[in-house]
Amino acid sequence: MRKLAFAGLAAITAAVLTTVGVAAADPPPSSLVPVSSFGANPGALAMYTYTPAGLEAGRPVVVALHGCTQSAADYYAHSGWPGLADRWRFEVVFPQQSTANNSSKCFNWFSTADDTRGNGEAASVRSMVDKAIADHGSDRSRVFVTGLSAGGAMTADLLAAYPDVFAAGGIDSGLPAQCATSIIEATNCQQNDQRLTPAQWAAKVKAQYPGYGGPWPRVAIWQGTADYTVYPVNGTELRDQWTAVHGVSQTPASTQSLPGGTTLTNYGGRVQLYSIAGMGHGTAVDPGTGPTQCGSTGAYFLAGICSSYYTGVFFGLDNGSTTPPPTTTPTTTTSSTTPAGPCVSASNYAHTQAGRAHQSAGQTYANGSNQAMGLWNTFTVHALRETSPGYWVLADGQC
């Protein structure tokens, strides 16, 4: 039996399983339809779909991948995608993992037998896409994929493996494509900066489909600054990976403030990073009936902003718009240096007490960037600069 994808984080994983273990047993809602046969299924996944009544031919398809211990029913019930499908007219495919594949129902994003082109779970998802297109006459040029946590990591892998299938992707609390090829590497990827250059990250993507000439999928990245299951550095690494794939600068073209303490940073219109101040591990939702609201709260569905809405706009599902409505005037960034922000020099202990850093096993790490700061005490002093809400970087000698 395959192991839990995040098994290296024993204490955190135990808490995760305790919190969401019951939800996976709930029966699918009546509107969530199982598809018993959808072609080749080497990954032994289950397929569910949500189809708006009277869906016309030529509409888009969105594939939505649940997180560990969750189910298709959980993602259907809480993510907000079915409501958006009704509003904007598209099909939603909800793949579902099994305990036979992974004891905690994580998609196996760290296994080359499952996360590479033509193989395992990745190939099963590709079959689901073909089935949805055949059943509803969907637009093959407008197929998208999104997911949470292990589903987010698999989303990145699918974008790398099938850039000819997916036009864009949304990665919620996920990891860079092909960051890990084993359980041990998976744990390291979750917690630590891999210290790869953007070019090295991009090479991992391009190696998945040798000779592919593009276009490459556009990518929306969602990351909470207080996520200590999949650490915030993964959002930065995803940004580095996909900007390099697209050949655009890691210097932001613009930034916007959005609801829920969210900062949207845009990179050449091809990659967007949504950083949510103070949010932990999960998919961001915003229950309500407002035009930008969707979803409902639950285990790992956290109130703040409807990430599915903004991801859908980025995909162009709302009749073509690709820019979410800002709540403040966009600010264009022209400098390649670190953006100015509060800069504080203090002891590691003082930084943690003030919420600029956190400690683990006696060591101190900057919130957001997770940069190592040394021993947690009152004697070790560092300067930290806040580059976006809740995201702190070492700034020794720069304050």
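Refer to the preceding data block for the structure.
The following paragraphs examine the structure supplied in this document. (Residues numbered from 1 in each chain as written. Predicted model: local features only at pLDDT ≥ 70, side-chain atom pairs only at ≥ 80, totals over all residues. Heavy atoms only, no water.)

**Brief notes about the packing of aromatic side chains**
Applying the stated rule across the entire model yields 15 aromatic pairs. Relative to Phe90, the ring of Trp81 has its centre 6.1 Å away and its plane inclined at 75°; by these criteria the two rings are edge-to-face. When the ring of Trp81 is compared with that of Phe315, the centres are 6.4 Å apart and the planes differ by 15°; the resulting orientation is stacked. Here Phe315 lies in helix H9 (residues 307-315) and Trp81 lies in helix H3 (residues 81-88), a separation of 234 residues in the sequence. Here Trp81 matches Phe315 in class, with each residue buried. A network of ring pairs unites the aromatic residues Trp81, Phe90, Phe144, Phe314 and Phe315 as a single cluster. Against the face of Tyr209 rests Arg117, its NZ or CZ located 3.9 Å from the ring centre. (Phe/Tyr/Trp six-rings, centres within 6.5 Å; stacked < 30°, edge-to-face > 60°. Helix = DSSP H or I, 4+ residues; strand = E, 2+ residues; numbered from the N terminus. Buried < 20%, exposed > 50% of the residue type's maximum accessible area, 1.4 Å probe, protein only. Lys NZ or Arg CZ within 6 Å of the ring centre and 35° of its normal.)

**Considering the sheet that holds strand S16 (residues 363-366)**
The three strands lie next to each other as S15-S16-S17, forming an open sheet whose pairing is antiparallel. Every interior strand has two partners, whereas the edge strands, strand S15 (357-360) and strand S17 (372-375), have only one. Going from strand to strand, the sheet's axes swing by 25° on average, the running direction of each strand aside. Both S15 and S16 contribute to a ladder of four bridges, which runs antiparallel. Across the sheet, the residue bridging to Ser360 is Gln363, located in S16. (Pairing = 2+ DSSP bridges. Axes fitted to C-alpha atoms, helices over the stretch in contact; angles between N-to-C directions.)

**Things to note about the nonpolar core**
Ranked by internal contacts, the top residues of the largest apolar core, which has 54 residues, are Val63, Leu65, Trp109, Leu158, Tyr162, Phe166 and Trp242. Looking at this core, the element that brings in the most residues is helix H5 (residues 150-161), giving eight residues. In this structure Val63 touches Val93, Pro95, Val125, Val129, Phe144, Val145, Thr146 and Phe166, once residues within four positions along its chain are discounted. Among the nonpolar cores identified, the runner-up in size contains 39 residues, and Ala85, Leu148, Ile276 and Val313 belong to it. (Core = buried A, V, L, I, M, F, W, Y, C linked by side-chain atoms within 4.5 Å. Contact = heavy atoms within 4.5 Å.)

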